[in-house]
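# Chain and residue survey
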Amino acid sequence: MNMALKLYNTLTRKKEAFKPIKKGEVGMYECGPTVYSYPHIGNMLRYIFGDILTRVLIYDGYKVKRVMNVTDVGHLTGDSDEGTDKMEGAAAKEGKKASDIANFYWKAFKEDFSKLNITSPNIWCKATEHIKEQIELIKVLEKKGFTYSTSDGIYFDTSKLKDYGKLSLLNKENIKAGARVDLGDKRNKTDFVLWKYSEEPGVRQQEWPSPWGIGFPGWHIECSAMSSKYLGEHFDSENKFSDSTIAKNKKQAIIDIHTGGIDNMFPHHENEIAQSEAATGKKFVNYWLHNNFLSVKGEKVSKSKGGLYTISELENLGYPALVYRYMCLLAHYRSSLDFSLDLLNAAKNGYEGLKNKIKLIDDKSVGKDASSYLDDFQKAIDDDLNMPLALQALQALLKDDKVSGKSKLEVVKKMDEVFALDLLKEEKIEIPAEIKKLAEERWKAKKNKDFKKADEIRDKINKQGFVINDKLDGFELKKI
Ligand code: AMP
Ligand code: ZN
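Note that the coordinates shown come from a computational prediction; the quantities given were computed from them, not determined experimentally. (Residues numbered from 1 in each chain as written. Chains lettered and ligands numbered in written order. Predicted model: local features only at pLDDT ≥ 70, side-chain atom pairs only at ≥ 80, totals over all residues. Heavy atoms only, no water.)

### As for the overall build of the chain
Which entries qualify depends on this criterion: Here a strand is any run of E in DSSP of at least two residues, a helix any run of H or I of at least four, and the numbering for each starts at the N terminus. Burial classes: relative accessible area under 20% of the type maximum marks a residue as buried, over 50% as exposed, and values in between as partly exposed (1.4 Å probe, protein chains only). Pairs of residues are marked as contacts when any of their non-hydrogen atoms sit within 4.5 Å. What sets the accessible areas is the Shrake-Rupley method with a 1.4 Å probe; for residues, cover comes only from the shown protein chains. Note that His is not counted, nor are the chain ends; the positive residues are Lys and Arg, and the negative ones are Asp and Glu. Taken as the charge centre is NZ of Lys, CZ of Arg, CG of Asp or CD of Glu, depending on the residue.
Each helix and strand in the chain was counted, giving 16 helices and 18 strands. In terms of overall dimensions, the chain has a C-alpha envelope of 90 × 50 × 40 Å along the principal axes. The burial tally for the chain puts 54% of its 480 residues in the buried class. Across the chain, the fraction of contacts at a sequence separation of at least 24, relative to all contacts at a separation of at least 6, is 73%. Just so you have it, the chain exposes about 22400 Å², and 51% of that area is on carbon and sulfur atoms. For the chain, the separation between the mean place of its 78 positive charges and that of its 72 negative charges on side chains is 4 Å.

Quick look at the structure:
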């Protein structure tokens, strides 16, 4: 196991040495999609970041248990406690069942994951399949005195928690009710809904009975309830918490790493911390990691605002999904990346250039060992997932002709465990019959020691976009 990994923790605003709760194992929770429309490439940047983190942890020898939620209820337009439920809105617009909408767009997400080589989480969990767990958690919060009731739901009282706001560094004045803010029945500006009543039971598609009335869970409670269920302590209002391995280890935190986009920091993650720490009295997460946004002309773009392509749209424009993945790796996950087709085009050239250089590596060429490049790569990925620097290590390796072909290929293969750019995968391209014929002729000429003719034919083959690599007992043809 490599212990040199450093990660930037939003909670402390510092790069910290990564130390898991349980030796050799990592529990990781990633806030997943709200499945009411097709994902765009900005969403995918966020999941590529989560995938790189997962791959680096695995590369460093950790066993990773990664959980991702699927939000299929309770996420309201505006990300606060007002507006329409995004799922109900999409169901009404498309004239379908909310559960069909959820399954349809979830499938679209998974298809993009697969095209982009984003590893599937070990556990996907849907909010609507964990209503019981969410109600149990609200009951624990109620027993501990953190909740109050209003005309439209059960709210979390953020003034009851000493350190509310610690993740997004909220100023205490922002929490207290201000004269200029219309709070409705809320006690404090930052209080948020845990259980919202159906305005008129029987109208919404998705609603459930609860000890407080018919309604649906708030957006934040699903992540506290499901992350605990799968990675830490299990909430149960009767027994308080069932024993988990981690509780037995008497450790404070229940989760090692939690990720999301910077927009999730407030209110979503702040409120997850509030719910989980109020319920357990323990630290919820040790390392919070947030990716920056994909922008267009400097403007933040999101699904609700529109304005970003989908992966399929990029494919239709001639940019394979892995070109987009490569483009994302050109910037550090904490810097914003300004998207344009020019940038994507440059990424396409860069990516194809890389693949071509790799294709031309002669595995029989002799030379020195390439492991120093792998050391540079390791340093880069362990320095808070510095992918631009890691790509530089790959470029430098490919330029070095003193390194043996075999060692070069081995190092490329190792690096690609993290990049996941299919660097060694050959596209299945049919070699035209005329090229095959030329190659046979060249082989014959070579055997007859007519090297001049053999070289001429080789040039002809190259000009038509193919390369020929000699093997001990024959040759191999590849597309350039
Ligand atoms: P949503 O499905 O809208 O809840 O968004 C899913 C995830 O995508 C969230 O974690 C957001 O932080 C992230 N996200 C949305 N838009 C962008 C963007 N333009 N760049 C990077 N991440 C984004
Ligand atoms: Zn979440």
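### Brief notes about the sheet that holds strand S8 (residues 192–197)
Where we set the bar: Two strands qualify as a pair provided DSSP detects at least 2 bridges between them. The angle between two axes is taken between their N-to-C directions and runs from 0 to 180 degrees, where each axis is a line fitted to C-alpha atoms and a helix contributes only its stretch in contact.
Taken in spatial order, the four strands of this open sheet run S6-S7-S8-S9, and their pairing is antiparallel. Edge positions in the sheet fall to strand S6 (147–149) and strand S9 (215–217), since each of these pairs with one other strand and no more. Averaged over all adjacent pairs, the angle separating strand axes in this sheet is 25°, with direction ignored. The pairing of S8 with S9 spans three bridges and is antiparallel. The partner of Lys196 across the bridge, within S9, is Phe216. Against the sheet, helix H4 (residues 131–143) touches S6, strand S7 (153–156), S8 and S9, its axis set at about 120° to S8.

### Let's talk about the nonpolar core
Where we set the bar: We call a set of buried Ala, Val, Leu, Ile, Met, Phe, Trp, Tyr and Cys residues a nonpolar core when their side-chain atoms join them within 4.5 Å.
In terms of nonpolar packing, the biggest core is built from 83 residues, with Leu57, Ile257, Tyr324, Phe377, Met415 and Phe419 touching the most fellow members. Counting residues per element, this core draws most heavily on helix H1 (residues 41–59), at 11 residues. The contact partners of Ile257, leaving out residues within four places of it in the chain, are Leu7, Phe18, Val26, Gly27, Met28, Tyr29, Leu53, Leu57, Val285, Tyr287 and Leu289. In terms of nonpolar packing, the next biggest core, distinct from the first, is built from 26 residues, Tyr164, Trp195, Trp208 and Ala278 among them.

### Observations regarding the coordination of the zinc ion (ligand 2)
Defined as follows: Note: metal donors comprise N, O and S atoms at 2.8 Å or less from the metal (3.2 Å for Na, K and Ca); water molecules are not included, so apparent gaps in a site are possible. Here the metal geometry follows the donor angles, with tetrahedral for four donors whose angles all fall between 85 and 135 degrees, square planar for four and octahedral for six when opposite donors are more than 155 degrees apart and every other angle is between 65 and 115, and irregular for all the rest.
In the first shell of the zinc ion (ligand 2), the protein supplies Cys31 (SG), Cys223 (SG), His268 (NE2) and Glu272 (OE), at 2.0 to 2.6 Å from the metal. For the zinc ion (ligand 2), the four donor atoms in the first shell make angles of 77 to 133° at the metal, a pattern classed as irregular. Within one chain, the residues donating to the zinc ion (ligand 2) are spaced in sequence as C-x191-C-x44-H-x3-E. Note that Cys223 is positioned in helix H6 (residues 221–231) and His268 in helix H8 (residues 265–280), a separation of 45 residues in sequence.

### Side note on the packing of aromatic side chains
Put simply, the rule is: Under the pairing criterion, centres of Phe, Tyr and Trp rings, with the six-membered ring standing for Trp, must be within 6.5 Å; the plane angle then separates stacked pairs below 30 degrees from edge-to-face pairs above 60, leaving the rest tilted. Distance and angle both matter: a charge sits over a ring if NZ of Lys or CZ of Arg is within 6 Å of the ring centre and within 35 degrees of the ring normal.
Overall, the coordinates contain 20 aromatic pairs when judged by the stated rule. The interplanar angle of 20° and the centroid separation of 4.5 Å between the aromatic rings of Phe49 and Tyr333 together place this pair among those described as stacked. Here Tyr333 lies in the loop between helix H10 (321–329) and strand S16 (337–338) and Phe49 lies in helix H1, a separation of 284 residues in the sequence. You'll find Phe49 and Tyr333 in the same group, each marked buried. Ring centres of Tyr148 and Tyr155 lie 6.0 Å apart, and the angle between their planes is 20°; on these two criteria the pair is classed as stacked. Note on Tyr155: relative accessible area 3%, which makes it buried. Linked through ring pairs, Tyr47, Trp106, Phe109, Phe113 and Trp124 together constitute an aromatic cluster. Over the aromatic face of Phe104 sits the side chain of Lys96, whose NZ or CZ is 5.7 Å from the ring centroid.

### Some details on the packing of H4 against H8
Put simply, the rule reads: It is the rotation of the near helix from the far one that decides the hand of a crossing: anticlockwise by less than a right angle makes it left-handed, clockwise makes it right-handed. Each residue receives one of three labels: charged for Asp, Glu, Lys and Arg, nonpolar for Ala, Val, Leu, Ile, Met, Phe, Trp, Tyr, Cys and Pro, and polar for the others, Gly being one of them.
Closest axis-to-axis distance for the H4/H8 pair is 9 Å, and the angle between their directions is 65°. Note on packing geometry: the crossing formed by H4 with H8 is left-handed. Contacts between H4 and H8 pair Leu137, Val140 and Leu141 from the former with Gln275, Ala278 and Ala279 from the latter. The residue inventory of the contact of H4 with H8, partitioned by class, reads five nonpolar, one polar and no charged.

### With respect to the pairing of strand S17 (residues 466–471)
Buried residues dominate S17, accounting for five of its six residues. Of the strand pairs in this sheet, S17 and strand S18 (residues 474–479) are connected by six bridges, and their pairing is antiparallel. Bridged to Val467 within S18 is Lys478. Remark: two residues form the turn of the hairpin made by S17 and S18, two consecutive strands paired antiparallel.

### A short note on the side chain of Thr259
Our working definition: Here a polar contact is recorded for every N or O atom pair within 3.5 Å, except that within protein the pair must consist of a potential hydrogen donor and a potential acceptor, and residues adjacent in sequence are included only if both atoms are side-chain atoms.
Its location among the elements puts Thr259 in strand S12 (residues 255–261). The exposure class of Thr259 is buried, given its relative accessible area of 0%. Of note is the side chain of Thr259, whose polar atom sits 2.8 Å from the side chain of Glu30.

### Side note on the environment of Leu472
In this fold, Leu472 is placed in the loop between S17 and S18. Accessibility expressed as a relative area gives 84% for Leu472, which makes it exposed. A sequence separation of 108 residues divides Leu472 from Lys364, and the C-alpha atoms of the two residues are 9.8 Å apart.

### A word on the pattern of salt bridges
Which entries qualify depends on this criterion: A side-chain nitrogen of Lys or Arg and a carboxyl oxygen of Asp or Glu constitute a salt bridge if their distance falls within 4 Å.
In total, this model carries 26 salt bridges according to the counting rule given. In this structure, Asp157 engages Arg187 in a salt bridge whose closest nitrogen and oxygen atoms are separated by 3.2 Å. Of this pair, Asp157 sits in the loop between S7 and helix H5 (172–175) while Arg187 sits in the loop between H5 and S8, placing them 30 residues apart in sequence. A residue is classified by how much of its surface remains accessible, and Arg187, at 44% relative accessible area, is partly exposed. One salt bridge in this structure joins Arg334 and Asp384, with 2.8 Å as the shortest N-O distance. Here the residue Arg334 occupies a position in the loop between H10 and S16, and Asp384 occupies one in the loop between helix H12 (371–382) and helix H13 (387–399), the gap between them amounting to 50 residues. Overall, Arg334 belongs to the partly exposed group, its relative accessible area being 32%. Given the relative accessible area of 0%, Asp384 is considered buried. In this structure, a network of salt bridges that share partners links the residues Arg442, Lys446, Arg458 and Asp470.

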